[in-house]
Amino acid sequence: MALKKVLAELGSCKLLAVSKLQPAHKVHSLYEDGQRSFGENYVQEAIEKIEQLNSLPDIEWHLIGHLQKNKAKQVVGKFHLIHSVESLALAQALSRQCEAKKIEQNILIQVNLAQEETKSGFDKETVVKQWAELTQLPHLKIYGLMTMPPLTETGEEVRPYFRELRELREELKKQTNTQVHPMTELSMGTSHDYLVAIQEGATIVRLGTILFGERPAKR
Ligand SMILES: *Cc1c(COP(=O)(O)O)cnc(C)c1O
């Protein structure tokens, strides 16, 4: 079974099973094998799946896909952790929606280290510059950083990005009140490159294909 083999490789790193575009029955089946944390990319699809599977004890949902500000209201409080906070404006919108619901939301800050046009996330310079503002937003707890490096032939080519994310977390953590924002997490590594990510200090790997097989095409 793929799950067992993968878990043996992960050590203390947390496994997030990326279930985007996979039907709820496949999530249920992996849950029965013992997996509890699932990652979704698309808000509408995620909310439908959460409603279908919410009765499963201890199931935990993460949002890892691009998130528009106007969807902030729909997502706060529904996810254990939102990995894809990609701008100050989005963080502000999430904080306002939490204020309205009197809740707190756990988040990661997504960093686009290769500055790829096609990928979302803060540039490194911007996150450093806006860190004081981000950490002062009430109702958000920043648990760490997330990145999605360029797609390359080999996992090894992305090692410098994973290392850079780890160093950035250390730098930001020094300027942070960790009582409020733990800054303990590094969400990095997919089916393609997770072994390298773990060597570089990943605390959460996001694996889809290796667990579920190829994804059906997007509707
Ligand atoms: C789809 C996706 C993954 C999982 O990718 P696989 O190659 O299927 O493991 C991880 N992270 C993000 C942000 C994704 O969109």
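Rules and cut-offs
Residues numbered from 1 in each chain as written. Predicted model: local features only at pLDDT ≥ 70, side-chain atom pairs only at ≥ 80, totals over all residues. Heavy atoms only, no water. UniProt positions renumbered as here; feature names shortened; annotations may be inferred. Helix = DSSP H or I, 4+ residues; strand = E, 2+ residues; numbered from the N terminus. Contact = heavy atoms within 4.5 Å.

Going by the annotation in an unreviewed UniProt entry, the name recorded for the chain is Pyridoxal phosphate homeostasis protein, with Bdellovibrio svalbardensis given as the source organism. Heading Sequence similarities (unreviewed entry) of the UniProt record for the chain holds this comment: "Belongs to the pyridoxal phosphate-binding protein YggS/PROSC family." According to its UniProt record, the chain has this under Function (unreviewed entry): "Pyridoxal 5'-phosphate (PLP)-binding protein, which is involved in PLP homeostasis."

Caption draft 1: Geometry of the UniProt feature "modified residue: N6-(pyridoxal phosphate)lysine" (unreviewed entry) in the chain. In the numbering used here, UniProt assigns the feature "modified residue: N6-(pyridoxal phosphate)lysine" (unreviewed entry) to Lys 20. Looking at the element boundaries, Lys 20 is found in the loop between β1 (14-18) and α2 (24-32). Not counting residues up to four positions away in its chain, the partners in contact with Lys 20 are Gly 39, Glu 40, Asn 41, Tyr 42, Glu 45, Lys 49 and Arg 215.

Caption draft 2: A look at the UniProt feature "domain: Alanine racemase N-terminal" (unreviewed entry) in the chain. Here the UniProt-annotated "domain: Alanine racemase N-terminal" (unreviewed entry) positions come out as residues 10-216. Note that residues 10-216 is 38% helix and 19% strand, and that its end C-alpha atoms are spaced 26 Å apart.

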